[in-house]
Amino acid sequence: MRIYRRDWPRSVGLRLLLASGLIAGLGTAHASDPVAEPGSGLSSLPDTVVEAPEPRYVAPTLHDRIGRIWAPVLINDRGPFRLVLDTGASRSAITPSVLAALGPDARDIQAVRLRGVTGTKDVGAVAVDSIVVGDLELRPARLPILPDAFGGAEGILGTDGMLDMRIFIDFRHDKITIRRSHNERAPAGFVTIPVRIVGGLIIIMDARFGSIPVQAIVDTGGQVTIANAALGEALRHQIRQQQPGASTITGATLDDETGDLVSTPPLTLGTLRVSTHKITVGDMYIFKHWRMTSRPALLIGMDILGLLDTMIIDYKQRVLVLQTRADGS
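Residues numbered from 1 in each chain as written. Predicted model: local features only at pLDDT ≥ 70, side-chain atom pairs only at ≥ 80, totals over all residues. Heavy atoms only, no water.

1. Quick look at the confidence of the model for the protein
Detail in the predicted coordinates should be disregarded across regions flagged by low pLDDT. Taken over all residues, the pLDDT of the protein has a mean of 78, while the share at 70 or more is 74%. A low-confidence stretch, residues 1–53 stays under pLDDT 50, and its non-local contacts, those more than four residues away or across chains, total 173 contacts. (pLDDT = per-residue confidence, 0-100. Contact = heavy atoms within 4.5 Å.)

2. Some points on the pattern of salt bridges
Tallying each qualifying case throughout the model produces 14 salt bridges. The shortest N-O distance in the salt bridge between R196 and D206 comes to 3.4 Å. Separated by 10 residues along the polypeptide, R196 in strand β15 (residues 196–198) and D206 in strand β16 (residues 202–209) bring together distant segments of the chain. Residue D206 is classed as exposed on the basis of its relative accessible area, which comes to 53%. In this structure, a network of salt bridges that share partners links the residues R166, R179, E184 and D314. (Salt bridge = Lys/Arg side-chain N within 4 Å of Asp/Glu carboxyl O. Helix = DSSP H or I, 4+ residues; strand = E, 2+ residues; numbered from the N terminus. Buried < 20%, exposed > 50% of the residue type's maximum accessible area, 1.4 Å probe, protein only.)

3. Focus on unusual backbone geometry
Here G79 and P80 are connected by a cis peptide whose omega angle stands at 10°. Mapping P80 onto the fold places it in strand β4 (residues 78–85). That bond from R139 to P140 is cis: its omega, -10°, falls within 30 degrees of zero. Non-glycine residue D174 carries a positive phi angle of around 60°. Topologically, D174 is positioned in the loop between β12 (165–170) and β13 (175–180). Of note, N183 is a non-glycine position whose phi angle comes to about 60°, a positive value. The topology assignment puts N183 in the loop between β13 and β14 (191–194). A relative accessible area of 44% means that N183 is categorised as partly exposed.

As structure tokens, then:
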């Protein structure tokens, strides 16, 4: 089956990854193994108002903007606050407006290092008593405080605590649920793709651009898809490229890096073929930090993921389950 990509604007891409003690161990991996693998009925969500030109829970990708996945999150029993689900971030984080709303309940601010696609930055992190969304409960937690750079979002929901969770994202019906996995089988008409859950619960799967094998990281916090230089070079050998356009990536640290817009063959995910046309290729900081520079690697952002109708991430079973309208559903 195939998914056809629309013409996307050359939007600024935002995504982040939290470092220092928050993603300990990621910096010591090898290119062949990007991070060290660690050992070892849908519940309803509270309503929340999103004051932005996007739906309430899930913002699907449209012609004129890149969608994001919103989650209504209670912090210290306040809120819900609208956080963007980021499968590329090992910890959740909030903006200064949420810190102000928490008032005296937020305490003990300490410095941590924020590590993003484009660089690093020292920020404050606040201790909170609880974070709750669906079946996910973290008690207590420490949340880095990010610049207000999310266009209406109040922070990000990272993967901490999700090792036994199942995230159900319904783009068509504007719905997200987070609950414990009960080893459910995929519904009929869905495609199941095995994944590796590594490091700070980062999701990695095998994919292909034409005949090029790729290590693909599922990054719901990224607005655009980003390839490393090794993948860019392989694509240039496989497809005759026109004069590349420029693309600027702004990370969570507000550092900018530039990349080239490179033409691609269809991206194959399991049995799905996604017509991507062009992706951003650059020698981004995060690929160096993860030591993912020698082999083709990819951060799959919402410009591709948002083309799906439904996406299920089952951390316990280590699978990604996908459905598109091409399935006839």
